Amino acid sequence: MLYRRVFQFFIIYFLFISGLMLLKYCLGLSDYVIPALSGMFQTLIAEYSQYSFATLNTMTVTVIGQVVSVIMAFVIGITGRQSTWFGSFIKVAAYNIQAYPIVALAPILFILLGDGFLTRLLIAAMICYFPVLLSVLGIVSKPVEDIEHFYRVTGRMRWQLEVKIRIFENLSQLTTVITGSATLAMAGTIVGEFIAADAGIGYRIRIALYQSDLAKVLIALFLIGITIAVYQALLELLGIAIKRAWTGR
Amino acid sequence: MPLICDNMTFTYPETENPLFSDVSFQLTRPGFHSFFGPSGVGKTSLAKIITGAIERYSGGISMEGLRTRLYSHNKERLPGWSGVGHHLTRVIPPSMQAEKDKLVEIFGLSDCIKSRFEQLSMGQQNRANLIRYLLQDWDLLIMDESLANVDERTRATIILTIKAMFPNRYFIYISHNAMEVSRFCDSILVFRNNSKTPQTVMVRGCNICDEEDVAHEVLDATLLEVMNAV
């Protein structure tokens, strides 16, 4: 799975670079607009170390942000699963708030909290929080009648058991959602860094943009892509391991 | 503690015509009783009314002394995170563990008791589900196709075991097997198509308590009466 994801990324990335090269040589564009492969390679050698650390910095924020958002989504989703006034309120609020582009709130966070770690973490967590919350709400609100019936009629049903049954029955769906939300968390972190942070790969891309250095941007994209591919593959493997341990297959 | 239903009528909220109307019957003594009839005539709906799962109906129902009424059906599943044996141990009261082991043996589940529920055949799944219901605290147990996909010989063994182990409890067995309900049930409420009046007919079953307990002529007569009533 890890190799497959990385291999798929390589294919997509090199198709993208091939397209750029095709464009460059068909239209006769200068190295200033689209750098030659040799120029890109030189940039890779020169910036590899700095950009790798920046990507790892971004990845750290991404992972922490995603963990925070998944925990929050489960707490709110489990609280809001019931057909009570509070449950309905949480559901309606979640659907309405998620319709608002969180990135548009990023400047407010930078103004209030500065351009450090916490702001990037908040943006990452907020961007991947709502999709996870909506999925968790959908899963834990939907009864699994053919399993829950016995516990209800015999008076054995507890909320912990109810949540356990529903999560167990939708484990594959949850794994897919959490894996997919990693991309959102990464995107949130990079956007945050791009807007105003003082570290991370988004910050490096912003500098490269000011320098109009497409080679640096392409190197940054390569490192971002390879990192997120590995991270998602690891999440998938973790999901498979949990499923295997829990379901015995 | 009889179960008395008097002029019961039930209509699904979205429909105009009643599913069944003016159904009256009595189960005056504990034992193995049955609802029998074609699909879609209201057996399951009436069972759910009796257990309280359906509340909107007209007519009277008296269940004096039948405090706990459970409804089990053949689509139920056990959670898949542990083996069937482990699950049964957890949901059956400690005082009933010896009975659990006995039923597991008689129901033919000893060899697969450590397996997960989804690894069992459909017949084994239904038997495992039935065991956990049988060993709860209840006065009336409705078994809606609870022995579906179980072979005939094992079904007979299970029903006779249940009758022997729980002589003072009420059972309502919903089945489409005319021979089975005729042989094992004390009374059979036969549901007819809703174009017929009355919509249900009560037939006395053979109520056998061991395999060789019934004369063929008596069984044939009961079977004929059940089939004619439909």
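Everything that follows concerns the structure shown earlier in this document.
A quick note: this is a predicted structure, and the numbers were derived from the prediction, not measured. (Residues numbered from 1 in each chain as written. Chains lettered and ligands numbered in written order. Predicted model: local features only at pLDDT ≥ 70, side-chain atom pairs only at ≥ 80, totals over all residues. Heavy atoms only, no water.)

Considerations on the packing of helix 4 (residues 106–113) of chain A against helix 5 (residues 117–141) of chain A
All names here are of chain A. The contact between helix 4 and helix 5 brings their axes to 9 Å, and the two run at 155°. With respect to each other, helix 4 and helix 5 are oriented roughly antiparallel. The handedness of the crossing between helix 4 and helix 5 comes out as right-handed. Contact residues: helix 4 offers A106, L109, F110 and L113, while helix 5 offers L118, T119, L122, I123 and M126. Here the contact of helix 4 with helix 5 is composed, by residue class, of eight nonpolar, one polar and no charged. (Axes fitted to C-alpha atoms, helices over the stretch in contact; angles between N-to-C directions. Helix = DSSP H or I, 4+ residues; strand = E, 2+ residues; numbered from the N terminus. Parallel < 35°, antiparallel > 145°, perpendicular 65-115°, else oblique. Left-handed = near helix turned anticlockwise from the far one by under 90°. Contact = heavy atoms within 4.5 Å. Nonpolar A, V, L, I, M, F, W, Y, C, P; charged D, E, K, R; others polar.)

As for the sheet that holds strand 5 (residues 69–73) of chain B
All names here are of chain B. In spatial order, the strands read 5-6-7-3-8-9; together these six strands make up an open sheet with mixed pairing. Each edge of the open sheet is held by one strand with a lone partner, namely strand 5 and strand 9 (200–204). Each neighbouring strand pair of the sheet contributes to a mean axis angle of 20°, computed without reference to strand direction. Along the sheet, helix 1 (residues 43–51) makes contact with strand 3 (31–36), strand 5, strand 6 (140–144), strand 7 (170–175) and strand 8 (187–191), crossing strand 5 at roughly 150°. (Pairing = 2+ DSSP bridges.)

Structural notes on the sheet that holds strand 4 (residues 58–62) of chain B
Residue and element names in this part refer to chain B. Reading across the sheet, the three strands line up as 2-1-4 and stay open at both edges, with antiparallel pairing between neighbours. The open sheet has two free edges, formed respectively by strand 2 (20–27) and strand 4, since each of these has just one partner strand. For this sheet, the mean angle separating the axes of adjacent strands, direction not counted, is 10°. Here four bridges tie strand 1 (residues 3–10) to strand 4, and the two strands are oriented antiparallel to one another. Among the inter-strand pairings, I4 is bridged to a residue of strand 4, identified as S62. Together, strand 1, strand 2 and strand 4 form the strand contacts of helix 1, whose direction differs from that of strand 2 by roughly 60°.

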